[in-house]
Structure formats: C-alpha cells, structure tokens
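If you want the building blocks of each chain, they are given just below.
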Amino acid sequence: MTMMAAPVDEDDDMLVQPTDFNDGIEAMEVVGQGETVSTAENQPVDDPQTGKFTWTIDNFSKINMRKHYSESFIVGGYKWRVLLFPKGNNVDHLSVYLDVADSASLPYGWSRFAHFNLAVINQFDPKLTVKKDTQHQFNVRESDWGFTSFMPLQDLYDPARGFLVNDSLIVEADVNVRKVVDYWAYDSKKETGFVGLKNQGATCYMNSLLQTLYHLPYFRKAVYHMPTTENDVPSNSIPLALQSLFYKIQYSDTSVATKDLTKSFGWDTYDSFMQHDVQELNRVLCEKLEDKMKGTAVEGTIQQLFEGHHMNYIECINVDYKSTRKESFYDLQLDVKGCKDVYESFDKYVEVERLEGENKYHAEQYGLQDAKKGVLFIDFPPVLQLQLKRFEYDFVRDTMVKINDRYEFPLQLDLDRENGKYLSPDADRSVRNLYTLHSVLVHSGGVHGGHYYAFIRPTLSDQWYKFDDERVTKEELKRALEEQYGGEEELPQTNPGFNNTPFKFTKYSNAYMLVYIRECDKDKVICGVDEKDIAQHLQARLKKEQEEKERKRKEKAEAHLYTIIKVARDEDLEKQIGKDIHFDLVDHDKVRSFRIQKQTLFTQFKEEVARELGIPVACQRFWLWAKRQNHTYRPNRPLNEQEEAQTVGHLKEASNKAHNAELKLFLEVPLQFYEQKIPMTPPEKTKEDVLLFFKLYNPEEEQLRYVGRTFVKAGGRPIDVLDRLYEMGGFAPNEEIQLYEEIKFEPNVMCEHIDKKSTFRASQLEDGDIICYQKALTREEEERYRYPDVPSFLEYVRNRQVVHFRRLEKPKEDEFCLELSKQHSYDDVVERVAQKLGLEDASKIRLTSHNCYSQQPKPQPIKYRGVERLSDMLVHYNQTSDILYFETLDLPLPELQGLKTLKVAFHNAKTEELSVHNIRLPKQSTVGDVINELKGKVELSNSKAELRILEVFYHKIYKIFPSNEKIENINDQYWTLRAEEIPEEEKDLGPQDRLIHVYHFTRDASQNHMVQNFGEPFFLVVRENETLVDVKDRIKKKLQVPDEEFSKWKFAFLSLGRPEYLQDSDIVASRFQRKDTYGAWEHYLGLEHTDSAPKRSHQSNQNRHSFEKPYSAWLYRDLHPLSNGDESTILRYHYTLKYGAEHGLMLHYGCELRGGLFCVADVDQLQSIVGYKARVRCNVLSFHSLVVAVIVSKGRL
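Scoring rules and cut-offs
Residues numbered from 1 in each chain as written. Predicted model: local features only at pLDDT ≥ 70, side-chain atom pairs only at ≥ 80, totals over all residues. Heavy atoms only, no water. Helix = DSSP H or I, 4+ residues; strand = E, 2+ residues; numbered from the N terminus. Buried < 20%, exposed > 50% of the residue type's maximum accessible area, 1.4 Å probe, protein only. Contact = heavy atoms within 4.5 Å. Areas by Shrake-Rupley, 256 points an atom, 1.4 Å probe, with all protein chains shown as cover. Polar contact = N/O pair within 3.5 Å; in protein donor to acceptor, adjacent residues only side chain to side chain. Pairing = 2+ DSSP bridges. Axes fitted to C-alpha atoms, helices over the stretch in contact; angles between N-to-C directions. Phe/Tyr/Trp six-rings, centres within 6.5 Å; stacked < 30°, edge-to-face > 60°. Lys NZ or Arg CZ within 6 Å of the ring centre and 35° of its normal. Core = buried A, V, L, I, M, F, W, Y, C linked by side-chain atoms within 4.5 Å. Parallel < 35°, antiparallel > 145°, perpendicular 65-115°, else oblique. Expected span 1.5 Å × (residues − 1). Salt bridge = Lys/Arg side-chain N within 4 Å of Asp/Glu carboxyl O. Arc of directions from axis to C-beta.

Visitor: So what's going on with the overall build of the protein chain? Which residues, and what values?
Guide: Regarding its fold elements, the protein chain presents 30 helices and 60 strands. Per-residue burial for the protein chain yields a buried fraction of 51% across its 1197 residues. Of the contacts made within the protein chain by residues no fewer than 6 positions apart, 68% connect residues no fewer than 24 positions apart. For the protein chain, the computed accessible surface area is about 58400 Å², with 46% contributed by carbon and sulfur atoms.

Visitor: Go over the side chain of Ser 70 with me, naming the residues and quoting the values.
Guide: Along the chain, Ser 70 falls in the loop between strand E3 (68-69) and strand E4 (73-75). A relative accessible area of 9% places Ser 70 in the buried class. Separated by 2.8 Å, the side chain of Ser 70 and the backbone nitrogen of Val 82 make a polar contact. With residues up to four places along the chain from it excluded, the contact list for Ser 70 reads Phe 53, Trp 55, Arg 81 and Val 82.

Visitor: Residue-level account of the sheet that holds strand E18 (residues 371-379), with values.
Guide: Strand order in the open sheet formed by four strands is E13-E12-E18-E15, and the pairing between neighbours is antiparallel. Each end of this open sheet is capped by a strand with a single partner; those strands are strand E13 (322-329) and strand E15 (353-355). Strand-to-strand twist in this sheet, taken as the mean axis angle between neighbours without regard to direction, amounts to 25 degrees. Pairing geometry for strand E12 (residues 308-316) and E18, over eight bridges, is antiparallel. In the sheet register, His 309 faces E18, and the bridge partner there is Asp 379.

Visitor: Tell me about the packing of aromatic side chains, and name the residues and values.
Guide: Scanning the entire structure with this criterion turns up 46 aromatic pairs. For the pair Phe 605 and Phe 622, a centre-to-centre distance of 5.8 Å together with 45 degrees between the ring planes defines the contact as tilted. One end of the pair, Phe 605, is in helix H16 (residues 602-613); the other, Phe 622, is in strand E32 (residues 621-627), with 17 residues separating them in the sequence. Taking the relative accessible area as the measure of exposure, Phe 605 reaches 1% and is therefore buried. Measuring from ring centre to ring centre gives 5.7 Å for Phe 1046 and Phe 1051, while their planes differ by 65 degrees; the resulting arrangement is edge-to-face. You'll find Phe 1046 and Phe 1051 in the same group, each marked buried. Within the aromatic cluster, the residues linked to one another by ring pairs are Phe 329, Phe 346, Tyr 349, Phe 377, Phe 380 and Tyr 422. When the ring centre of Tyr 313 is taken as origin, the NZ or CZ atom of Lys 322, which lies over that ring, is 5.5 Å away. Lys 466 extends its terminal NZ or CZ atom over the ring of Tyr 453, reaching a point 4.4 Å from the ring centre.

Visitor: Could you give me a rundown of the environment of Ser 758, with the residues and numbers involved?
Guide: Here Ser 758 lies in the loop between strand E38 (750-754) and strand E39 (770-775). In this structure the C-alpha to C-alpha distance between Ser 758 and Gly 715, which are 43 residues apart in sequence, comes to 9.1 Å.

Visitor: So what's going on with the nonpolar core? Which residues, and what values?
Guide: Counting 52 residues, the largest nonpolar core has Phe 219, Phe 246, Leu 289 and Phe 306 as its most contacted members. Among the secondary structure elements, those contributing two or more residues to this core are helix H3 (204-214), helix H4 (217-224), helix H5 (238-251), helix H8 (278-293), helix H9 (301-306), strand E24 (449-456), strand E25 (464-468) and strand E29 (509-518). Tallying contributions element by element places H5 first for this core, with eight residues. Contacts of Phe 306, omitting those with residues within four sequence positions, involve Leu 213, Leu 216, Phe 219, Cys 286, Phe 329, Tyr 330, Pro 381, Val 383 and Gln 385. Counting residues in hydrophobic clusters, the runner-up holds 40 residues, among them Val 350, Leu 437, Val 440 and Leu 481.

Visitor: Go over the pairing of strand E40 (residues 800-807) with me, naming the residues and quoting the values.
Guide: Successive residues of a regular strand alternate their side chains across the two faces of the sheet. In terms of strand pairing, E40 meets strand E41 (residues 816-821) through six bridges, oriented antiparallel. Of the residues in E41, the one forming a bridge with Phe 805 is Phe 816. Note that E40 and strand E47 (residues 883-888) share four bridges and pair parallel. Note on E47: the bridge partner recorded for His 804 is Ile 883.

Visitor: A description of the packing of H3 against H5 should follow, citing residues and the corresponding values.
Guide: In contact at an axis separation of 11 Å, H3 and H5 are set at 75 degrees when each is read in the N-to-C sense. Here H3 lies roughly perpendicular to H5, going by the angle between them. For the pair H3 and H5, the contacting residues are Leu 210, Gln 211, Leu 213 and Tyr 214 in the first and Leu 242, Leu 245, Phe 246, Ile 249 and Gln 250 in the second.

Visitor: Describe the pairing of strand E30 (residues 562-568), naming the residues involved and giving the relevant values.
Guide: Most of E30 is tucked away, with five of its seven residues classed as buried. Looking at chain direction, E30 and strand E34 (residues 662-668) are connected through five bridges and run parallel. Bridge pairing in E34 places Ala 568 opposite Phe 666.

Visitor: So, H5: which residues are in play, and what are the values?
Guide: The first and last C-alpha atoms of H5 sit 20 Å apart over 14 residues, in line with the 20 Å expected at 1.5 Å per residue. By the criterion of burial, H5 is predominantly enclosed, with twelve of the 14 residues buried. Every buried residue of H5 is listed here: Ile 238, Pro 239, Leu 240, Ala 241, Leu 242, Gln 243, Ser 244, Leu 245, Phe 246, Tyr 247, Ile 249 and Gln 250.

Visitor: How would you explain the pattern of salt bridges if you had to name every residue and give the values?
Guide: The full count for this structure, using the stated rule, is 65 salt bridges. Linking Glu 815 and Arg 807 is a salt bridge whose minimum nitrogen-to-oxygen distance equals 3.4 Å. The exposure class of Arg 807 is partly exposed, given its relative accessible area of 25%. A salt bridge links Lys 987 to Glu 984; the shortest N-O distance between them is 3.0 Å. Here Glu 984 and Lys 987 lie together in helix H27 (residues 984-987), a separation of three residues that amounts to about one turn. On the basis of relative accessibility, which here comes to 34%, the residue Lys 987 falls in the partly exposed class. Via salt bridges that share partners, Asp 584, Arg 628, Arg 634, Glu 766 and Asp 769 belong to a single interconnected network.

Visitor: Could you give me a rundown of the sheet that holds E34, with the residues and numbers involved?
Guide: Read from one edge to the other, the open sheet built from five strands follows the order E31-E30-E34-E32-E33, with strand pairing classed as mixed. This sheet does not close on itself; its edge strands, each paired only once, are strand E31 (592-597) and strand E33 (633-638). Put simply, the sheet's adjacent strands are angled 40 degrees from each other on average, direction ignored. The pairing of E32 with E34 spans four bridges and is antiparallel. Considered in E34, the bridge of Leu 624 is made with Leu 665. Against the sheet, H16 makes contact with E30, E31, E32 and E34, and its axis sits at roughly 140 degrees relative to E31, the strand it touches most.

Visitor: Describe the environment of Leu 561, with residues and values.
Guide: You can see Leu 561 is positioned in the loop between helix H14 (536-539) and E30. Considered as a pair, Leu 561 and Gln 599 are 38 residues apart in the sequence and their alpha carbons are 8.4 Å apart. When sequence neighbours within four positions are dropped, the list of residues in contact with Leu 561 reads Ile 596, Gln 597 and Lys 598.

Visitor: Quick one: what's the story with the environment of Tyr 157, residue by residue and with numbers?
Guide: Topologically, Tyr 157 is positioned in the loop between helix H1 (153-156) and strand E10 (169-178). Taking C-alpha positions, Tyr 157 is 8.3 Å from Ser 61, a pair spaced 96 residues apart along the chain.

Visitor: Give a description of unusual backbone geometry that names residues and reports values.
Guide: Here the amide bond leading from Glu 746 into Pro 747 is cis, since omega sits at -5 degrees, within 30 degrees of zero. Along the chain, the position of Pro 747 falls in the loop between strand E37 (737-744) and E38. The backbone of Glu 418 shows a phi angle near 50 degrees, a positive value even though the residue is not glycine. By secondary structure assignment, the location of Glu 418 is in helix H11 (residues 417-420). Exposure remark for Glu 418: the relative accessible area of 51% places this residue in the exposed category.

Visitor: Tell me about H16, and please be specific about residues and values.
Guide: Its twelve residues place the ends of H16 16 Å apart at the C-alpha level, agreeing with the 16 Å of an ideal helix rising 1.5 Å per residue. Among the residues of H16, those classed as buried are Phe 602, Phe 605, Lys 606, Val 609 and Leu 613. The buried residues of H16 occupy one face: seen down the axis, they fall within an arc of 105 degrees. Those residues of H16 that are buried lie in contact with E30, E31, E32, helix H17 (641-644), helix H18 (648-655) and E34.

Coordinates in, geometry out; function isn't part of it.
Right under this line is the structure:
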C-alpha cells in the first residue's frame, strides 16, 4: 500500500503540492524498531469533528480527464474534496486522495490534522467494500494525501465484481478533523507538579515503566535505602543510577535524562535506539534490584511488593491422587484475544483442562489416569502487575501481530468474586483481594514499532496524569480507562447535512500493562517519602560510591537433555583440505553430528556409530580435540577406558574446559579396515607413539591435499618413514622430498622446514601435528612456479583475496573479479587491473575504495601510491570489503594529481540555460585562470562581458571568489560552483547602494514553520531610497513571473532564518549592512511562494558520485558557550545538504550533545563537509566543536 501526496502534471493547474511520483512521501511509516515520537506539530488536541461524504460518479468509464475532483464538502469547519485518478496515477491501480479544497486561499502557515478513510463501495455486497484509512497533517506543501495504489483497475472495471454498476462508482470519505496546538512552552512541573523523562531515541517504553515504579512510594523509598557509596559511578551501578534518577524526578523542575541508567544496564548508544520488551525490562530490573538488596535493611522489598504465588495442580478423577507445585510470580500475563475484560482473562487463566484419552496423566503407583489440570492462586501481591498479551504470533500469517481488540479493565478489581473462584484451598481468605487501579501503560502503533506512555494516579485520588516522555499532563478518568480499551471507535455524526452512519476506525492506542494496588495495602504502598529517606551523598549529586559491589551470580545455563557430538574422520579431512580449508584439519560444522541423550553411556554411543557409519565398535578409537595456545585446533589424546565408561554428559563436562555446548571427537580407524575391510583393534598407543597428519603439496597445480596419517616413534626420524610418505604421495622410491611443519596461521603463517635426519622429538613434533611435504624442485622449477614451496603457498592462501572490480560510473555492477594477495602493493594491483583491461599504461588506472556502511564508493579516490598494500585499500574503519572501483583516465594519475578539475555550472543570463563544464588546470592556477578558460567554452552576451564564479550551496550564495584565489583549496564536491556574467548595474555601485542576496523560500508548517530555500539564488542592486514596490517590479521583470502568480508572493527580510515581512513602502536598503560581510548569506531578501518546479534530484550540485537515495542534513554549530544551558544560544546554520547514504546513518560515531541533540554522521565525510565550511575539526572519536547532523529521509523530519 502506498500513501502519498498526488503529483501534478506540468500542464495542469492544480492546487496541490507538486511532488515527483517516485519521491512520494509515505504516511504512517514505521522504520525498523524505531518509534513514532509525538511532536508539537502532530499532536492533536481532543476536539474531534467528523463527517462522511458520499460521491456517486455516473458515466465513470467515459471520464477522459487524468484527474477528477468531487464537489467540496465541509468537515470541522474546513473545505475538503476527493481527488480521483480514474486510470491510475502512473500505476495500474485506482488512485484516491483527500484534498484541501481551498488550499490556495488559506492564510499563511495554515495546517490541519485529519484521520480519514476512503472507500470504494461494493454495490453487490457491502462487506466486500474496499476501505483504507490513514492520517495526515495537511499544509501548504502537502495539501492532499491518500493512496496511489488503492485497488487494481482490473478489479474495478470487472462488472462481476460489483464496484462499477451501470457505469456508476460510489466513493465515500469519512473524515475526522482535529485541531493542532503548539505545546512547546508547556511546563509540566508548573502545571502538574511532576516532571517527565527524556527519550533517548526509542526509550519511551522504559520511561513509562520507570514513571510507574517511581510513583509507588514504598518501592522508591526502598531504592533510596539501598546501600551505595560516594565512590560509586551511576553509569556502572544500577542502584545508584536508579537512586539518582528518582531523586532528580522528585526534585527537578525539568525533564530528566535516563542515560546513566541505560549505561548501567550495559546498553550502548545503539541499544537506546532499539525498543526492548517492557515485561523483560521490568523483570530484569527487579531481579537486579532484588539481588542488590540482599543483606541490607531493604532485603525482600521486591518480593513484598510484587511477588504472588499460584499453585499448579493435577488431580486424578478416578483415584485419590493429586500433584501440586507452588510457583511465584511478579506479574501475570493475561490473554486479550477472545476475552471481553480482565475478569474473563482470569477465568481463562484458572480454566480446568481435562487430561484424558491419549493425553492421560501418568500418576505414581496408579499408571495412566484421567485427570484435571489447572492453576489456582495461593496469594496475590500488594502491587499486582498485569501484562496484557497485545502481541501474539499468528501461525496463519507466520508473523507477529498486534491485538487491537476491545478489552475492558475496571477501576476496582475484585479477585475474591464468586466466592473466591480464583483462590486455592490453601489461600488466606482473611485477606481481602480488592484492588484499585494505579497505572495504565499504553502502546500506540503496530507490531514493528510505536510509542509508549502511561496514565498514572500517584496518590490514588480522582486526578489522573499522562506521562508521555518529557511531558506530563492532567487527564480525565475517561482518557485513562475507556479510551485505552482498544477496539473500534465510533464517533457520532455532528453535521446534519451528511449521512448519519457513525464514523468507525480501529484504535491503535490501547493498554498493554495494568498496575493495581490492593486496598488494604494502599496506605503502606502510597507512603510518604522525604529527604530523610535519601542518603546525604545522593543529595550532594551522588558523590559517594558503594564500598563493596556484590558480584553478580552467574546462573548456570539450564542443563540440556541432549549432547551434540561431532565426529571427524579421515574422509572429512580428505574431502575438505584443499577445497573448503587449507589450514588445520577440519571444519567441524561440516562433519557428522550425533544428538545423544546425556545419560547415554559412551559405549552405547559407539554402538550407534557402528550402526550409522558401518565401523565395528572394536575398530573405533576416539580422540579429543584441543585448542592450542597458537589458536590451532588438533587431536590431542585418545579417550581411555575409564572415560569411555562414563555417560556422554559427564564426558562432555569433564573434557570440555571451554564449556562449549558440543563434544568434538576424531575417530581413528585402523588403516587395514579401510584397505581390507578386516575388523581389528587400533594398535596400542604408548607414550613414545606420536600421531601425525600429512598434507601433500603440488606446486605445478598449486594444490594442497590430505593424504593420510600415521604413527611414528618420537625417537625416530623422518627418513625412517619415507617409504610410507612415498606410498601416500604416490611417489617413486628414493624421490627427493621436502618436509615442513604447519605450525599456525593466526595472526601470521608459520611453516618451518623439517630436517629429515633429526628425530621427531628434536623437531618438537607431538600428537596432532601436521607435516606438509612436496617433491624437491630444481632451480629451474623454482623460478617457473608462482609458489614453489609449501610456506609460500600457505602465505598466498592466507592472504589471497578475490576482489570485485566495478566501474566508478556503474557502482552496482561487477565488471570483473581478480584473485589477488592482500600483500600486493599498489603497483601490483593497478598492474593486474590494467592487464585485465588490456591497458598498456597502468598509471592511467585510478582506484576508489568502498564504503561498507553505505555500499557506495568513497567520495575521494585513492591517490597514486597513496596506500602500501591491497589490504589497506579494502579496510573501512573496522570492516573489510572485497570491492574496488576503477576509472580509466586520459592522463597518467601522477600527472592528473598535479591538476585540479572543477565542475562549473554556467548560468546564461540571456537564454536562462544552465551548462556544466569541467575545467582542468594546474593546482597553482587561480580563479582568474578558470574564468579565462571558461570564456572559450561558453556563449557570452558581448565580447566585453565579465564573468564571476560563485559558491552556491543548496539555494544560497555563500561566496564570490576573488580572481586571484588559488583553485587548489576550492571544494566543488559538495558546493556548486556557478559562473555568471556580472550585470552592468553592479559595476557602478553608488556609495549608498547595496548589493543584496535574494533567495526563494517556503515555510513548512509540519516542521515548526522552518524556512526552506529552493530555486536559483541571485544578487540584486538596491538603491539608497528604493522602496519595496520598486524592487518588486524589477524582480518581476527579471524573473518573468506572470502577474497572477506574482501577486501571491510575499517579501521578507531574513536574518538567521527568521523572516520579517516587508511592506510596499519599506526602504529595502535600510535593512542591509553597508558592506558584504561573513555570514551575509544569512541576511537576505526572501521571496516566499510555492515551489512549483518539478521535484528532481539537485543536478546543479555536481558531486563526484551520484547516489540513489537522497538525504538531507541540518548542521548546527555552537557559536556561543552554553554555560547556562540555554538552547536558544545555538544559532541555526541550515546548510541543507542533499547527499546519499554514503554520508549518513552511521550511529557508530554519534555523540550526545546539549539540549538532547544527537549527532549521526560518517566522520570522514562530516569532516570534509563541515571542516571546510564551518572550520570544525572532527576525528573518529569526538567532535571538538559542538556540531549535530540530523538525518532526514526524503526531506521529511
């Protein structure tokens, strides 16, 4: 489903924002695990106004217009209309949108929020009606919204389907309008007495839980009484972090950050941008606090507050037998699906299950019996936490779904109802289990993301409060209860002129957790907490640290019923070595696995092997593998008789020091069994016997393979087993061979020559060692082969790298692949590329590295011999790529590097055409040289015309380059260089004349009316006493704007993004400084009007690479110290940069800044961007000036 604004044809005068179809912005988009954050612009107040409009379209198939509008109708005091594309909006679907009918005549800055659904009525069966709903904030830039692919045209025009009957189509629009209020100035503490918690990115679920726990005073007091010391660090101590957080919530006047607490959880920045499970977080937090409270005055507080007990029972029907098991709980999970309310969920919880037929219960002494199975509660806790199962797995759709069904919960919950039907016989009936509702935690959104907040009444009074991250508001009972039941909402028709059918839509905001407090315990739980409960070091900003930190107990993983045994054999070594692997002996993930019960005796396992592999038990001898200090993995020793008499589970535990989940073995079978199929026992192994493995290397074929194993005597010498080596290698007797020991391969290859006359003991060879051997080569053969011996071949294998080469202009397509060595030099690599391309001069090859995060070329190419080895070309921060991009140059790269190539866009004032020219000059050249070169390439208005070059960045002019400026430091990668003729009027400026900047702009209501520039900026000479009306006349002539359109334009003086609108009688020059100074681009005459140009990628900014996905980034620079924490002192430099994924979305290098801003940027790109324009120095670990880049997808915040 695609929800987007409708695009505009260039030849059609349409009152909606013109948007390129392919860049349409989708509504209600939920990204990954992110969440929808409420803002001042998108948060509607509770003043719903609804209406339904029915549009019957006759002769539908005869409509020839591409777009078809309905008549206007009024809902919420606003005019609306339905926009239809009968043949589809560039798709083979019917396209339907809701449009603001009078958008062109609305006052400046208008916006309105509406939740609506659009429907095409099925005239045969209303149940088959196609209906889709969404919500949107309409404004001057997006005055229509809807569905491009509403329904297939094939279905629409099929007469048997019932949508088009007698060539009539019926379209309905249900609209619910809510007015928007700005809440920026809201003071939660002043209005409610409470403060909120800051959202770190996707931590609203945690904030709602923390607010709930904080407002249980007994819990808060226990946290305060937990022993911490002045030397503790909050980010490393959960108790101190929680104490600090609670203290700040209690005494702060503004919202509180939770960063120390999340750090104490062990979360990094990325974890804070992921939504976690609320129930899991609650349990983990309580378990950690419970552990920290042990041995203190508050030991047992968690259990006293939250712990209840229930009894699982199985009771036989026909015999006197009953089995019970008592279990504790901190919260209860209640079914939502199929249940009307909390009481029905409890009924289902204690529902009795019959065990009969094939499902009979095996009772001790009685065998299989019919039985009843169920759960009853022994006791309930003072604070009852109910987790509502809003998220479930749908087996039909094979996915998680959210249950938005209506589910009611009472203000008072009586769990003693119906004579204590939920209680076990052992329950204390003297305790009255009557509960009152304390908190309602709400989830708004879908299964993949959304927003969390909580309704709480801290003192159990009638006043409810909504805790929504930073904001706390007073709320009525209805908002906390009925509006969080979920289900469908029906809003009555308020406009008598429309159909009276009630408006319905699914409520995606509903309760997912409830907290009740027992009436008889409320005075204990809702107790007083004051400063005497808080340690002195906490009141002094937590300066002390805990004397002693309790070591967290490591819970042993629950024992598995089965052990996985992986058995490697000679067949595996032969199959893998030289193909899948070259080093060590085997990849254990590719050998035969056995799943054996832990209680099985190892001797029984051997019988299983005999059955499965056909190897008699008598022929089997198993060796344990061991990981050596040099990181190799070799057979270490055979199992002895005592070990083989143990169970599989005991053997794994006893032999597995690393506590791996698997038992890995090597199966030694006598070679005679393979050769003659004669069952025989493996020879007895003495301490003098050494098991060696052999690999044979063929330098002609560059092949290494496994040829076998044999036992040797430690005191023996290789010459004693030469006949055996000849036999395994297929060599003729007396062949001269070379032997090498493969010692290790990490981090470097170590393969040493073995003296055939030395003993194996002298060569330090032991069980499991590997000997690689080959024929001895003549000097001629050594020169002929690339890798003449085993060490050189293993070094090659260790460093070989298949590199995918792509043409820079086709960054998604592999051109060819080359197998290279990571140790190859720069010259080796370009030589191989040139050879592949048939290019004689390798210096004409220029390479560019790959950005592993953006999957795009890096913006800067590799300089000539700028890196030492191939491995340096492939590394990008902590990741390694296998992709390189190449270009074939017309000049040798060393010569080209002495030149500077600039892309200059020439703006022809006469024809209004834009042409781009590549100017290549020596780096020491000046801007004047560029102008002279350019004059020979462009058409000038006259022979005496003078040119100038401007630096233009996203619709603003930042600089006029002096003719004597060196071109070496000019950056044309991110900023457009624009050349233009200097107008005659600028050549003769009077002393009081002003040369001012003039930019086009709009103000987006959805982004707090932020100014957004567009179009081509220009200079304008303003005379001393010239009024705005005179200036407007000259601008109109210069831009050739029609009278009707120009009459809608507004004119403003803008300073640092703040517009001050001008009157026709204002003297324009008086607003501007006498001389052009640094920052003059932020003081300009603004022309406010709709951007009617077709949306397209910004071609005038000729980057070295083009990217498929556009982004925008706002860069902010801290120009004044923030000693007083005043965020208003951050001046906004809206360098609005359009660039690809190459430059963004790298959370690895983000940093938290003051005011809650978060920096997200690829550091090397940000350094080249910001370092050039704002002189900000950056490195991988930190930003030395306060800078933040806010990533915005497709221009939408």
